[in-house]
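The primary structure of each chain is shown beneath.
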Amino acid sequence: PTPPPLPIPAPIDWWTFNQTSGTVATDSAGSHSGTLINGASWTTGVNNASAVAVGNSSYTGGGAVSLPTNLPSTFTLYFWTMANGFGNASGIENNVILGGENYQQNGFRTAFSSSGVFSFWTTESGGTLNLADYQGVAIGTWNQYVISYQNGLGNLFRNGTLVASSAGTYIPGTSNMGINTGV
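Just so it is clear, the model here is predicted, and its values are computed rather than measured.

Visitor: Tell me about the confidence of the model for the protein chain, and please be specific about residues and values.
Guide: Confidence along the protein chain averages 79 in pLDDT terms, with 83% of residues attaining 70 or more. Averaged over each element, pLDDT in the protein chain is lowest for strand β4 (residues 51–53) (67) and highest for strand β13 (residues 161–167) (97). Within the model, the stretch residues 57–61 combines pLDDT values under 50 with eleven contacts to residues more than four positions away or in other chains.

Visitor: Residues and numbers for the pattern of salt bridges, please.
Guide: Opposite charge on two side chains permits pairing when their charged atoms draw close. Evaluated as defined, the whole model comprises one salt bridge. Among the ionic pairs, Asp 133 bridges to Arg 158, the shortest N-O distance being 2.5 Å. With Asp 133 in the loop between β10 (130–132) and β11 (142–150) and Arg 158 in strand β12 (residues 153–158), this residue pair connects regions lying 25 residues apart in the sequence. The pair Asp 133 / Arg 158 is uniform in exposure class, with both members buried.

Visitor: Go over the side chain of Asp 133 with me, naming the residues and quoting the values.
Guide: With a relative accessible area of 5%, Asp 133 lands in the buried category. Engagement of the side chain of Asp 133 in a polar contact is seen with the side chain of Arg 158, the distance being 2.5 Å. Aside from chain neighbours lying at most four places away, what touches Asp 133 is Val 117, Phe 118, Tyr 145, Leu 156, Arg 158 and Val 163.

Visitor: Provide a residue-level description of the packing of aromatic side chains, including the pertinent values.
Guide: Aromatic ring pairs are reported here in terms of the distance separating the ring centres and the angle at which the planes meet. Applying the stated criterion to the full structure yields ten aromatic pairs. Look at Phe 108 and Phe 120: their rings are 5.4 Å apart centre to centre, the planes differ by 15°, and that puts the pair in the stacked class. Within this pair, whereas Phe 108 is found in strand β8 (residues 106–112), its partner Phe 120 is found in strand β9 (residues 118–121), the two being separated by twelve residues in sequence. Residue Phe 108 is classed as buried on the basis of its relative accessible area, which comes to 0%. With centroids separated by 5.9 Å and ring planes inclined at 70°, the aromatic side chains of Tyr 149 and Tyr 170 adopt a geometry described as edge-to-face. Residue Tyr 149 is found in strand β11, and its partner Tyr 170 is found in the loop between β13 and β14 (177–179); the two are separated by 21 residues along the sequence. Comparing Tyr 149 with Tyr 170 shows no difference in burial state: the two are buried. Among the aromatic side chains, those forming a connected cluster through ring pairs are Phe 75, Phe 108, Phe 120, Tyr 149 and Tyr 170. A cation over a ring is seen here: Arg 158 above Tyr 134, with NZ or CZ 5.7 Å from the ring centre.

Basis of the calculations
- Residues numbered from 1 in each chain as written.
- Predicted model: local features only at pLDDT ≥ 70, side-chain atom pairs only at ≥ 80, totals over all residues.
- Heavy atoms only, no water.
- pLDDT = per-residue confidence, 0-100.
- Helix = DSSP H or I, 4+ residues; strand = E, 2+ residues; numbered from the N terminus.
- Contact = heavy atoms within 4.5 Å.
- Salt bridge = Lys/Arg side-chain N within 4 Å of Asp/Glu carboxyl O.
- Buried < 20%, exposed > 50% of the residue type's maximum accessible area, 1.4 Å probe, protein only.
- Polar contact = N/O pair within 3.5 Å; in protein donor to acceptor, adjacent residues only side chain to side chain.
- Phe/Tyr/Trp six-rings, centres within 6.5 Å; stacked < 30°, edge-to-face > 60°.
- Lys NZ or Arg CZ within 6 Å of the ring centre and 35° of its normal.

Quick look at the structure:
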């Protein structure tokens, strides 16, 4: 006999960022609402009426969104982003847009290089996984990214196309995750 299909798992966290005011980014899955801080604000999004604008570099006073959770040991992370520039020439680690880590111990980072190439990595967070797109994206355009990790294999998709795949380790983070900008 054919085994029954596996149930589709419900999201652990789901931030739609469709609020239009205030400082709370509601978790539609119900468990980890985020907080807009340091001047982060609501703006026009791609699929929803709103999105979060974090402005310029959080290292020089830009905004951020603090999310009181981190990625589990197996995950799929899905989000849209629109870069307003890639001008930070001092290194990709200063262009971080989404991350959650205890430096050199656990967690992850995502960022754009100065040429607009998106990457996800755990190599500064105790792991060995490094996923990098093969081409840069245009400033001012919305792009969808999906990062999946299971059983030591990571995959990076941009706008529905697989752009990178690699074996490596990810050690689940123990600190909050956050959205910010270094560009």
